[in-house]
Amino acid sequence: MKKILLSILLISLTLTACGTKDGNSPEESETPFEEVQKVDIEISDYVDPDASPEASPEATPTPTFTQPPAKTDSTQAQNNDSKASDTTQNNASSNQMQTNNNSQNSSSGQQNTQSATTEQTSVNLSGKTICIDPGHGIFTENKKEKIAPNSSITKDAYKTGTKGTNHIEDDAVLAIGLKLKAKLEELGATVIMTRSDAYINMTNIERAQFANNNNADIAIKLHADGTQEGGSGMTMLVPGYKYITDNQLLSDSKRLGKAILKNAVSLTGAVNRGTYTNTEMTGFNWSTVPVVLFEMGFMTNPNDEAKLFDEDYQQLIAEGIVKGIQEYYK
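The rules behind the values
- Residues numbered from 1 in each chain as written.
- Predicted model: local features only at pLDDT ≥ 70, side-chain atom pairs only at ≥ 80, totals over all residues.
- Heavy atoms only, no water.
- Core = buried A, V, L, I, M, F, W, Y, C linked by side-chain atoms within 4.5 Å.
- Buried < 20%, exposed > 50% of the residue type's maximum accessible area, 1.4 Å probe, protein only.
- Helix = DSSP H or I, 4+ residues; strand = E, 2+ residues; numbered from the N terminus.
- Contact = heavy atoms within 4.5 Å.
- Axes fitted to C-alpha atoms, helices over the stretch in contact; angles between N-to-C directions.
- Parallel < 35°, antiparallel > 145°, perpendicular 65-115°, else oblique.
- Left-handed = near helix turned anticlockwise from the far one by under 90°.
- Nonpolar A, V, L, I, M, F, W, Y, C, P; charged D, E, K, R; others polar.
- Expected span 1.5 Å × (residues − 1).
- Polar contact = N/O pair within 3.5 Å; in protein donor to acceptor, adjacent residues only side chain to side chain.

**Regarding the nonpolar core**
And then number 1: In this structure, L184, L222, F294 and I325 are the most contacted members of the largest nonpolar core, which totals 39 residues.
And then number 2: Of all the secondary structure elements, the ones that give two or more residues to this core are strand 2 (129–134), helix 3 (169–186), strand 5 (190–193), strand 6 (218–225), strand 7 (234–239), helix 5 (247–268), strand 9 (291–298) and helix 8 (311–328).
And then number 3: Ranked by residue count, the leading element in this core is helix 8, at seven residues.
And then number 4: Here L184 is in contact with L125, I130, I132, A189, V191, V322 and I325, once residues within four sequence places are set aside.
And then number 5: Ranked by size, the runner-up nonpolar core spans twelve residues in total, among them C131, M281, F284 and L293.

If you want it as structure tokens, here you go:
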């Protein structure tokens, strides 16, 4: 009986630990402005989803072979000539068949590639409303606001963006946001933006409510990092369980964030720094629609900064975000 009770206790403790690790427990850390919590990181990892252990071949009976009677030298020579002729013909036939098979496989591969490409680009976004929120912007007012509807913690309602050696974050994210808007509209989406010039007149709460009140299907916040000197690459932030208890919103946000990050990294070649949750971000906690914050590079890294202000690179980022959105809606 003692062994049974001990087993039950161990199982209970294990389940409790798993729930806390996954971020689904309401007893999450109450420390304000906590560091982002790691969800996953996919740097140089590859898993073949179609791979599976080979099935053991069924046992087959060993064929019986009867030794032919001995042949005379002349008969053997004739047979050898005949076999050589047959072998040459069979090899020629086999080579022709192999050539045909290769041609068919090549054609099939091309068709599959074309099919996959068509499937990727055929995701129409007509009927979808997407909110683009280029971070920061020039503001003239200073005030505080609650980080969540049911929280007493406050943060700045407006925030100055990160500065690089030659540029500021605000300009890069706006330029990419405008390119993203154009690409999404080409696919039929209705796009709303929290700002379309250098200035911002919305607080962080109002940015979230702008998406909510316009019945946006998703909201994408565009930023550039500056928290790690010399750091490089792209990071995705998604809301976590604390003030937000809508599991569907949390799940959709994570799925959207991972899809965007994967595609943007693939197109740009940037370092994939992973997807993380954040529970203390005002723009997340007031949102009622799936929302992500995309850190597209480091302003504190000269190479990243230069790329973020390169027109071609901006187009690649925008295209990566679009492909991620299309994957999300598949």
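**Remarks on the packing of helix 3 against helix 8**
And then number 1: Remark: helix 3 packs on helix 8, axes separated minimally by 9 Å, with the N-to-C direction vectors making an angle of 50°. On the basis of the axis angle, helix 3 is oblique to helix 8. Between helix 3 and helix 8 the crossing geometry is right-handed. Only E311, Q314, Q315, I317, A318, E319, I321, V322 and I325 of helix 8 make contact with helix 3, whose side of the interface consists of A172, A175, I176, K179, L180, K183 and L184.
And then number 2: Its residues assigned to classes, the contact of helix 3 with helix 8 comprises ten nonpolar, two polar and four charged.

**Focus on helix 8**
And then number 1: A rise of 1.5 Å per residue sets the reference length of helix 8, with its 18 residues, at 26 Å; its end C-alpha atoms lie 26 Å apart and thus fit the reference within 8%.
And then number 2: Y313, Q314, I317, A318, G320, I321, V322, K323, G324, I325, Q326 and Y328 are the residues of helix 8 that are buried.
And then number 3: Between the side-chain oxygen at the start of helix 8 and the backbone nitrogen of D312 there is a gap of 3.1 Å, and the oxygen is on D310.

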